[in-house]
Protein chains: 2
Amino acid sequence: MPKQSMREALAVARGGVNLAGYDPEDRPLAPSKHNRDLRNDDASLREMQKKLWAEGTAGSERRILLVLQGIDTAGKGGVTKHVVGVFDPIGVQYTGFKAPTKTELRHDFLWRIRKQLPIPGTIGVFDRSHYEDVLIVRVHELVPESEWRKRYELINEFEKELVDGGTTVLKCFLNISFDTQRERLIKRLDRPDKHWKFNPDDLTERGFWNEYQLAYSEMLERCNTEYAPWYIVPSDHKKYRNWAIGELLHETLSELDPQYPNPPLDIPTLKEKLAPPN
Amino acid sequence: MPKQSMREALAVARGGVNLAGYDPEDRPLAPSKHNRDLRNDDASLREMQKKLWAEGTAGSERRILLVLQGIDTAGKGGVTKHVVGVFDPIGVQYTGFKAPTKTELRHDFLWRIRKQLPIPGTIGVFDRSHYEDVLIVRVHELVPESEWRKRYELINEFEKELVDGGTTVLKCFLNISFDTQRERLIKRLDRPDKHWKFNPDDLTERGFWNEYQLAYSEMLERCNTEYAPWYIVPSDHKKYRNWAIGELLHETLSELDPQYPNPPLDIPTLKEKLAPPN
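Just so it is clear, the structure is predicted and the values come from calculations on it, not from any experiment.

**Student:** Lay out the overall build of chain A in plain terms, naming residues and giving numbers.
**Tutor:** Counting its regular elements, chain A contains 12 helices and 5 strands. In terms of C-alpha radius of gyration, chain A reaches 21 Å, essentially the compact-globule figure of 19 Å for 278 residues. Across its three principal axes, chain A shows a C-alpha extent of roughly 80 × 50 × 45 Å. Burial analysis of chain A (278 residues in total) assigns 53% to the buried set. Within chain A, residue pairs in contact and separated by at least 24 positions form 80% of the contacts whose partners lie at least 6 positions apart. Within the structure as shown, chain A displays about 13,400 Å² of accessible surface, and the carbon and sulfur contribution to it stands at 50%. The average position of the 41 basic charges and that of the 43 acidic charges among the side chains of chain A differ by 4 Å.

Right under this line is the structure:
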């Protein structure tokens, strides 16, 4: 039997999605229960990124967009630090999306997203994204249902456009349990150096846990396309979460298999021009 | 005698600047000739960056703009990879400025620069910058002298505005010798995995070496302000160059001395709200 890929292991099941069926404590494909065994091949990740970047300088349109979604404390920041952090900053474009500004709200919901799309050769990282427009917007009824409901299809069309333009869209939903969120919020309260991360509004949001689970489930179902599938990353174990996303990136980059451009260079002539004067 | 700081050691001398007086092989403040002794305190850099970022989420306006200038092969990419790469990507905004687009050319030269300015709490990195508008633009006479000459003052005013708004502007000129550039270009020709970096136009630019030295000298003289001084980083030794810039960042961050925000939190009440139901 061929070895299962991380993408297969974390794929969303066909049909209706009920998040209750996805265990946040799972560790699919993990070689063992030992966290120390969970190490990505960072050197290889960096090498492939370098080649992707090199291709981009030579006209390739290929790029990656890593979309991170998940409730507060799910680990979007941790993935950025530990996984995205292995790459050369020259080829990384990180964007954290906050509540939209007044100006952004006067445009359609994809307007501010489009402005942050990664350029060729780079890995764009969206810490929250256009999906907030079917998540927080839905949970708090910031626009009428008739409007947010249209967005699933608009998002699918938008992502199709990205894929057609050379972007590999890698969407990760960081799945944590209600109890894990409690533990992490309490930890923030116990450590003065983490107080700044604590927003009392987070507790209000936590009160909408079930509504968010429902909104995530529908997002995972409606926007799980062939060309831009969702991956559900069990995220109660931080090490596992980071390792799994590193592996998703490794598989994605391996499949893209970027190569150094090989421009036609007249090496002898160029070297002669570079020779020091006699 | 108090220990000299890296900022003092790499400062531009008062009065007229002649780059010929700055040895690209120098290693000021290096503890020895051994490259292995040149290690920044990365943990401390990361910790201070984290605090700077934390401050930014709580309303602080402080941020850093690292400007990297230097002729081709001087090592702007190397600094990005090895020095900027130690930071958490959440707080890094890297921009590589290429030849301006047609649209950008229809605006004033600072228009595209302003769009990439770092937000509070982050470290912005400009790999080339508004200084190209008094460098390549001058060397190739892309605009009349009467126009680029005005830009020194415009740049000084622009940087004053940034500093007044909470940005620490850290400008590094990577100083390499004519011979070192030759060696590095030859290395690119010798290694097939580096061919993509070789642009035959680089040789044309190399032909303007003296004109560039003059343009750099005047930039270093005219835009070396109290509030946004230039540092001349001897860059013939890559390890030294990276270490020196890491030290400049360390000094800058230490002086900013960012602190974790300490929001007023009613911890007992918040913990009670988080308690699991009985």
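That covers the picture; the talk isn't over yet.
**Student:** An account of the packing of helix α2 (residues 42-57) of chain B against helix α11 (residues 238-256) of chain B is needed here, citing residue identities and associated values.
**Tutor:** Geometry of a packed helix pair, given as the angle between the helix axes and the separation of the axes. Residue and element names in this part refer to chain B. Contact geometry of α2 with α11 gives a least axis separation of 10 Å together with a crossing angle of 45°. By the criterion of interaxial angle, the relationship of α2 to α11 is oblique. For the crossing formed where α2 meets α11, the hand is left-handed. Counted together, S44, L45, M48, Q49 and L52 of α2 and G246, L249, H250, L253, S254 and L256 of α11 form the full contact between these two elements. Split by residue class, the contact of α2 with α11 holds 6 nonpolar, 5 polar and no charged.

**Student:** How would you summarise the interface of chain B and chain A if you had to cite specific residues and measurements?
**Tutor:** In this complex, chain B contributes 37 residues to the contact, which on the side of chain A involves 37 residues. When chain B packs against chain A, close to 3,700 Å² is buried across both sides, 73% of that on carbon and sulfur atoms. For the pair chain B and chain A, the number of links is 2 salt bridges. One can count 4 residue pairs in polar contact (both at pLDDT 80 or more) joining chain B with chain A. Elements supplying a minimum of two residues to the side of chain B that touches chain A: α2, α3 (76-82), α8 (178-190), α9 (200-206) and α12 (267-274) of chain B. Across the side of chain B that touches chain A, the residue classes break down as 23 nonpolar, 5 polar and 9 charged.

**Student:** Help me get a handle on the relation of the copies chain B and chain A, residues and values and all.
**Tutor:** With an RMSD of 0.0 Å, the fit of chain B onto chain A corresponds to turning through 180° and sliding 0.0 Å along the axis. Put plainly, the chains are arranged around a two-fold axis. In this assembly the copies share their binding face: 100% of the residues contributing to the interface of chain B also contribute to that of chain A.

**Student:** Give me the lowdown on unusual backbone geometry, citing residues and values where you can.
**Tutor:** All names here are of chain B. The phi dihedral of T73 is positive, around 75°, even though this residue is not glycine. Within the secondary structure, T73 sits in the loop between β1 (63-69) and α3. By relative accessible area, which is 8% here, T73 ends up buried.

**Student:** Which residues make up the sheet that holds strand β4 (residues 167-175) of chain B, and what values go with them?
**Tutor:** All names here are of chain B. Pairing in this open sheet of 5 strands is parallel, and the strands run β2-β3-β1-β4-β5 from one edge to the other. Two strands close off the open sheet at either side, each with one partner strand: β2 (92-96) and β5 (230-234). When the angles between neighbouring strand axes are averaged without regard to direction, this sheet yields 20°. One ladder, built from 5 bridges, connects β1 with strand β3 (residues 123-127); its direction is parallel. Pairing of I64 across the sheet is with I123, part of β3.

**Student:** Residues and numbers for the sheet that holds strand β1 (residues 63-69) of chain A, please.
**Tutor:** All names here are of chain A. The sheet built from 5 strands is open, its strands ordered β2-β3-β1-β4-β5 with parallel pairing. Lying at the two open borders of the sheet, with one neighbouring strand each, are β2 (92-96) and β5 (230-234). This sheet shows a mean twist of 20° between the axes of neighbouring strands, independent of strand direction. Packing against the sheet, helix α11 (residues 238-256) makes contact with β1, β4 (167-175) and β5, and its axis sits at approximately 165° to β4.

**Student:** Account for the packing of aromatic side chains, naming residues and giving values.
**Tutor:** All names here are of chain A. Taken as a whole and assessed by the stated rule, the structure comprises 16 aromatic pairs over all chains. Measuring from centroid to centroid gives 6.4 Å for W148 and Y152, while their planes differ by 90°, and the two rings are edge-to-face. Here the residue W148 and the residue Y152 both occupy positions in helix α7 (residues 145-164), the gap between them amounting to 4 residues, near one helical turn. Each of the two residues, W148 as well as Y152, counts as buried. Relative to Y216, the ring of F173 lies with its centre 4.6 Å away and its plane at 45°, an arrangement referred to as tilted.

Calculation criteria
Residues numbered from 1 in each chain as written. Chains lettered and ligands numbered in written order. Predicted model: local features only at pLDDT ≥ 70, side-chain atom pairs only at ≥ 80, totals over all residues. Heavy atoms only, no water. Helix = DSSP H or I, 4+ residues; strand = E, 2+ residues; numbered from the N terminus. Rg over C-alpha atoms; globule rule 2.2 N^0.38 Å. Buried < 20%, exposed > 50% of the residue type's maximum accessible area, 1.4 Å probe, protein only. Contact = heavy atoms within 4.5 Å. Areas by Shrake-Rupley, 256 points an atom, 1.4 Å probe, with all protein chains shown as cover. Lys, Arg positive; Asp, Glu negative; His and termini not counted. Charge placed at Lys NZ, Arg CZ, Asp CG, Glu CD. Axes fitted to C-alpha atoms, helices over the stretch in contact; angles between N-to-C directions. Parallel < 35°, antiparallel > 145°, perpendicular 65-115°, else oblique. Left-handed = near helix turned anticlockwise from the far one by under 90°. Nonpolar A, V, L, I, M, F, W, Y, C, P; charged D, E, K, R; others polar. Buried area = accessible area lost by both parts, 1.4 Å probe. Salt bridge = Lys/Arg side-chain N within 4 Å of Asp/Glu carboxyl O. Polar contact = N/O pair within 3.5 Å; in protein donor to acceptor, adjacent residues only side chain to side chain. Least-squares fit on C-alpha atoms with pLDDT ≥ 70 in both. Pairing = 2+ DSSP bridges. Phe/Tyr/Trp six-rings, centres within 6.5 Å; stacked < 30°, edge-to-face > 60°.

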